[in-house]
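# Structural overview
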There are 2 protein chains.
Amino acid sequence: MSEQTGPFPLETEFLDRLLQDREIDLYQVSIRELTRLVAELVDHFGVEYLRFEFGIPGLPPPAIGPEAEIQLLQDYPQTPATYPPFDGVPRLKQATARFIKQFTDIDVLPENCIPTVGAMHGGFIAQSIAGRRIEGADTILYLDPGFPVNKLQTQFLGLKAESIDIYDYRGQELIAEIERRFATGKIGGLLWSSPNNPSWVCLKDEELAGIGRLLTDYDVIGIEDAAYFGMDFRQDYGLPGKPPFVPTIANHTDNYLMVLSSSKIFSYAGQRVAVSVISPKLMHRRYPYLRKFHNTDLFGHAFVHGGIYTTTAGVPQTAQHALAALYEAASDGSYNFLERVRVYGDRARRMKQLFLSNGFELVYAEDMGEPIADGFYFTVIRPGMTGRELLYQMLLFGLAGLPLRTTGTRREGIRICVSLIRDDQLEELALRLAALDEQLQGAPRATPDNVS
Amino acid sequence: MSEQTGPFPLETEFLDRLLQDREIDLYQVSIRELTRLVAELVDHFGVEYLRFEFGIPGLPPPAIGPEAEIQLLQDYPQTPATYPPFDGVPRLKQATARFIKQFTDIDVLPENCIPTVGAMHGGFIAQSIAGRRIEGADTILYLDPGFPVNKLQTQFLGLKAESIDIYDYRGQELIAEIERRFATGKIGGLLWSSPNNPSWVCLKDEELAGIGRLLTDYDVIGIEDAAYFGMDFRQDYGLPGKPPFVPTIANHTDNYLMVLSSSKIFSYAGQRVAVSVISPKLMHRRYPYLRKFHNTDLFGHAFVHGGIYTTTAGVPQTAQHALAALYEAASDGSYNFLERVRVYGDRARRMKQLFLSNGFELVYAEDMGEPIADGFYFTVIRPGMTGRELLYQMLLFGLAGLPLRTTGTRREGIRICVSLIRDDQLEELALRLAALDEQLQGAPRATPDNVS
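Computed from a prediction, not measured in an experiment: that's the story for all the values here.

### Let's talk about the domain arrangement of chain A
Residue and element names in this part refer to chain A. Per the domain assignment, the segments of chain A are domain 1 (12-55 + 340-441) and domain 2 (64-332). The straight-line distance from the C-alpha centre of domain 1 to that of domain 2 is 29 Å. Counting residues at the interface gives 28 residues for domain 1 and 31 residues for domain 2. Summing the contributions of domain 1 and of domain 2, the shared interface buries around 2400 Å²; its carbon and sulfur component is 58%. Area buried by domain 1 at its contact with domain 2 is led by Tyr364, Met368 and Tyr377, which between them contribute 25% of it. On the surface where domain 1 and domain 2 come into contact, there are five salt bridges. Within the residue set of the side of domain 1 that touches domain 2, elements represented by two or more residues are helix H13 (337-356), strand S10 (366-367), strand S11 (370-371) and strand S12 (377-381). Counting residues per element, the side of domain 1 that touches domain 2 draws most heavily on H13, which supplies four residues. Here the side of domain 1 that touches domain 2 is composed, by residue class, of 12 nonpolar, eight polar and eight charged.

### A look at the interface of chain B and chain A
At the junction of the two partners, chain B supplies 62 residues and chain A supplies 62 residues. Regarding the contact of chain B and chain A, the summed buried area is about 4800 Å², with carbon and sulfur atoms giving 64% of it. For the pair chain B and chain A, the interface holds zero salt bridges. Counting the contacts that link chain B with chain A gives 30 residue pairs in polar contact (both at pLDDT 80 or more). Secondary structure elements with two or more residues in the side of chain B that touches chain A: helix H3 (64-75), helix H5 (118-130), helix H6 (148-156), helix H10 (291-294), helix H11 (299-312) and helix H12 (317-332) of chain B.

### Quick look at the packing of aromatic side chains
We describe a pair of aromatic rings using the distance from one ring centre to the other and the angle between the two ring planes. All names here are of chain B. Per the counting criterion, the structure on display carries 53 aromatic pairs over all chains. Geometrically, the ring pair formed by phenylalanine 99 and phenylalanine 229 is tilted, given 5.4 Å between the ring centres and 35 degrees between the ring planes. Here phenylalanine 229 lies in the loop between strand S6 (221-226) and strand S7 (256-260) and phenylalanine 99 lies in helix H4 (residues 90-104), a separation of 130 residues in the sequence. Of the two residues, phenylalanine 99 and phenylalanine 229, neither departs from the other in class, the shared state being buried. Between phenylalanine 99 and phenylalanine 337, the ring centres sit 5.6 Å apart and the planes meet at 45 degrees, which makes this aromatic pair tilted. Residue phenylalanine 99 is found in helix H4, and its partner phenylalanine 337 is found in helix H13 (residues 337-356); the two are separated by 238 residues along the sequence.

### Remarks on the relation of the copies chain B and chain A
Aligned on chain A, chain B shows an RMSD of 0.1 Å; the corresponding rotation is 180 degrees and the shift along the axis is 0.0 Å. The relationship between the two copies is best expressed as a two-fold rotation axis. Using C-alpha coordinates, one finds that chain B approaches the rotation axis most closely at B:Ile70, a distance of 2.7 Å. The fraction of interface residues of chain B whose copies in chain A are also interface residues reaches 100%, indicating that both copies meet through the same surface.

### Observations concerning the packing of helix H11 (residues 299-312) of chain A against H6(B)
H6(B) packs onto H11(A) with a crossing angle of 110 degrees between their chain directions and a minimal axis gap of 9 Å. Classified by the interaxial angle, the pair formed by H11(A) and H6(B) is roughly perpendicular. Every residue of H6(B) that contacts H11(A) at A:His305, A:Gly306, A:Gly307, A:Tyr309, A:Thr310 and A:Thr311 is listed here: B:Val149, B:Leu152, B:Gln153 and B:Phe156. Residues belonging to the contact of H11(A) with H6(B) are distributed by class as follows: four nonpolar, six polar and no charged.

### Some points on the environment of A:Gln439
All names here are of chain A. With respect to the secondary-structure elements, glutamine 439 resides in helix H15 (residues 426-441). When its relative accessible area of 45% is taken as the criterion, glutamine 439 is described as partly exposed. Between the C-alpha atoms of glutamine 439 and histidine 252, which are 187 residues apart in sequence, the distance is 50 Å. Every residue in contact with glutamine 439, bar those within four places of it in the chain, is listed here: Pro9, Gln393 and Phe397.

### Description of helix H7 (residues 171-182) of chain A
All names here are of chain A. Taking 1.5 Å per residue as the helical rise, H7 with its 12 residues ought to reach 16 Å, and the 17 Å between its terminal C-alpha atoms agrees with that figure. The complete set of buried residues in H7 reads Gly171, Leu174, Ile175, Glu177, Ile178, Arg181 and Phe182. Projected onto a plane normal to the axis of H7, the buried residues spread over an arc of 165 degrees and lie on a single side. Exposed side of H7, more than 90 degrees from the buried face: Gln172, Glu173 and Arg180 are the residues found there. Summarising the contacts, the buried residues of H7 are in contact with strand S3 (139-144), strand S4 (160-165), strand S5 (187-193) and helix H8 (205-218).

### So, the pattern of salt bridges
Residues and elements named next belong to chain A. On inspection of all chains with the given rule, the structure shows 66 salt bridges over all chains. In this structure, aspartate 332 engages arginine 98 in a salt bridge whose closest nitrogen and oxygen atoms are separated by 2.7 Å. Taken together, the residues span a long stretch of sequence, with aspartate 332 in helix H12 (residues 317-332) and arginine 98 in helix H4 (residues 90-104) at a distance of 234 residues. Take aspartate 332: its relative accessible area is 51%, and that puts it in the exposed class. One connected set of salt bridges, linked through shared partners, spans Arg170, Lys204, Glu207, Asp232, Arg234, Asp367 and Glu370.

### Re the sheet that holds strand S7 (residues 256-260) of chain A
All names here are of chain A. An order of S2-S8-S7-S6-S5-S3-S4 is seen for the seven strands of this open sheet, with the pairing classed as mixed. Sheet topology places strand S2 (113-116) and S4 at the edges, where each strand pairs with a single neighbour. Sheet twist, expressed as the mean angle between neighbouring strand axes with direction ignored, is 20 degrees. Judged from the five bridges that link them, strand S6 (residues 221-226) and S7 form a sheet pairing that is parallel. Counted as the bridge partner of glycine 222 is tyrosine 256 from S7. Where H8 meets the sheet, its contacts fall on S3, S5 and S6, and the angle it forms with S5 comes to roughly 160 degrees. Across the sheet, H11 is in contact with S2, S6, S7 and strand S8 (274-278); its angle to S2 comes to roughly 20 degrees.

### Points about the pairing of strand S2 (residues 113-116) of chain B
Residue and element names in this part refer to chain B. Burial along S2 is two-sided: Cys113 and Pro115 facing one way and Ile114 and Thr116 facing the other are all buried. Bridge count for S2 against strand S8 (residues 274-278) is four bridges, and the pairing is antiparallel. Among the inter-strand pairings, threonine 116 is bridged to a residue of S8, identified as alanine 274.

### Points about the packing of H3(B) against H12(B)
Packed helix pairs are characterised by how far apart their axes lie and by the angle those axes make with each other. Residues and elements named next belong to chain B. The geometry of H3 relative to H12 is characterised by a closest axis approach of 8 Å and an angle of 135 degrees between their N-to-C directions. Taken together, the axis directions place H3 and H12 in an arrangement best described as oblique. The element H3 and its partner H12 pack so that their crossing is right-handed. Of the residues in H12, those touching H3 at Ile64, Gly65, Ala68, Glu69, Leu72 and Leu73 are Gln317, Thr318, Ala319, His321, Ala322, Ala325, Leu326 and Ala329. Taken together, the residues that form the contact of H3 with H12 break down as nine nonpolar, four polar and one charged.

Parameters and conventions
- Residues numbered from 1 in each chain as written.
- Chains lettered and ligands numbered in written order.
- Predicted model: local features only at pLDDT ≥ 70, side-chain atom pairs only at ≥ 80, totals over all residues.
- Heavy atoms only, no water.
- Domains from an automatic or database assignment.
- Contact = heavy atoms within 4.5 Å.
- Buried area = accessible area lost by both parts, 1.4 Å probe.
- Salt bridge = Lys/Arg side-chain N within 4 Å of Asp/Glu carboxyl O.
- Helix = DSSP H or I, 4+ residues; strand = E, 2+ residues; numbered from the N terminus.
- Nonpolar A, V, L, I, M, F, W, Y, C, P; charged D, E, K, R; others polar.
- Polar contact = N/O pair within 3.5 Å; in protein donor to acceptor, adjacent residues only side chain to side chain.
- Phe/Tyr/Trp six-rings, centres within 6.5 Å; stacked < 30°, edge-to-face > 60°.
- Buried < 20%, exposed > 50% of the residue type's maximum accessible area, 1.4 Å probe, protein only.
- Least-squares fit on C-alpha atoms with pLDDT ≥ 70 in both.
- Axes fitted to C-alpha atoms, helices over the stretch in contact; angles between N-to-C directions.
- Parallel < 35°, antiparallel > 145°, perpendicular 65-115°, else oblique.
- Expected span 1.5 Å × (residues − 1).
- Arc of directions from axis to C-beta.
- Pairing = 2+ DSSP bridges.
- Left-handed = near helix turned anticlockwise from the far one by under 90°.

This is the structure:
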């Protein structure tokens, strides 16, 4: 095997020196540090890395988005002179409400749909309000593992963070543990993504029902990060107006705020546009303590006037029309957005197979008794190794991934994002994994022929 | 006169009822509430209002911006799929550094120029860092009057605000008062705009020099809101690379952060793109207390990674290219941006004349002995009236403006923004002002013939 793997494993001296000079701990390394590290390894050794560390779209955007922006800039060239409405362009608000109805069967009004500068912006404002409604309820509870930057937002806002690992708790045990935390009165918001980044765990409807009941009973705000909306490819959620509908907490409580994103489902990460959907009832609820930070006691007004206005004074005009056009096409059925991103699931299935046949295991392998779904991410480890040790070895074999420790779990492992890997790289992936396996185990396990 | 003024004054009953139903105090009314109020008056009475309340551009954007965006969307349609670099698109960073050199003669590096989602975003992050570098130095000191939303940002961030009114303090008295506040150790940042919104006061170089010295001595961050960059039309700052250069605090301290905007100088408000320029030395300063909120002790890293990343994960791609193209054209001398916006100054001169010849006075009339410059805003009052009373009367005569109380001064008066008034409306303005004057004084003072 080893003659086919070219330069791998790379010599350790250079990597060791970089890690020491930069004081990098491979448990704690941020994506940014890792990117710089890999760039220097690429430079030094002249090899190509297989990049699993970024959670970024790997598909070109559908033409619908750019075309909508171009049209606006050509037909109404004065648009850039006009401040966007702080609560969003009416077209996008209407398109969002219809999209939500078509794909979740939930009724919301355009006024409940507030455009944001990417989903990050929605999550930031959502946390600010959820954690500053009620004096003392200033903790955001996370269902971990999760997106590390959400916790940086909590920190920016001066709020506290707590964590429940969905590795340890699922089903009724998860509900019981959440209730134990809510009962302290310290929790202002509960934040999760489903499908989950990085484990691709999808919460079951019975779990969402239990969580919804607790959100209502304890008046905690459910912040549903819907970055991977509908991307549980075990179901076909792609037909507008027809079941099955994308599961959401909105079926189970009025205390929800759904943070939609355009980065993954529409590959529209670059124009920073998204929408947060606030429950129609929550929108008009009053929390006197909110005045202290957001100058109003009304939840919806705090989001728009106390949140959007004060941070960015609205969302870029033409990007709002791009997203509106994408929602419209999806709702009409003229653009099947889930069909397009299904490629990630197919690729995940093949990549997982390669990892598993070369001595790796999945960290989050099960989804309440079922095998974990194939999607944008999966999580790997080798028995007996720490995530730090494994990432170190992977780097020597031209493979980069994100250590799970940064995602809020104590589990050892590495997050693998499939988005940037091309079909023509799978053979190379098989070779490197086999060589790595040989190095670590002393025996080859897989060849490119294993790729199906 | 009065037969020419059509329906004015409007009957008071409808306005009184609206004010009562909405619990609106015309001292405190926000622009948003005022807009809604005027919309209902327009609807009810079927009259057109002259709108002075918005501080928004009234010119179409130069074609340079939309053209740059269209080109990118056509030539590189994959751009929207790519996350922007968190510290900004290199082209815009380079164009900003050159623009700053050409128009202020200050040297900064591209790395010091961080794109933001509008200037609002820059001010928000700037305050967050300035007020959370040093434990206890958590107050933002404002040179008032000012833009009300900056104080909502302070509130969002859980920081404290203090105010010095430039009506009461100028020159050495201003410096002495600032030093008195800095000496408490509680001030983290000093925020001002020059030209000032709403008074159009321009700080003198001797004032900037004094402020710069204090910022350095007391380690306070100067946040220079440069929304009206170069728009003191008494000077011609429009020639790149040639004196006179736009005055800036950057000549007098390393403790500065300049918040540039594209909304007014380029009429590019709608795409929410701007740049904050951090002093090269400040960029690399370390403040250990910053870690608590921004996860790093490095000022520049806190801005980018702890600020931009956590709030919006970057600035829309194509809008960054639009602003880069505008800076490039201005720096080349192919687009004289100040010539284009000079129309605001000419209009202000004519509008002021109408107000003054109809019994109004300027609130901020002087700029250290000189008459106040003509620009985007001016401030008016009538002797013996409060701002609340005056706005009430103006509304009955089809005139809308912003009460000065909302801008942080105790002075009575109304902010007049000239941007939305067309030349063909000046005659109507003269008629309404004369009718209002007649109503309040019992005698006409001006006719349309006074308009020069």
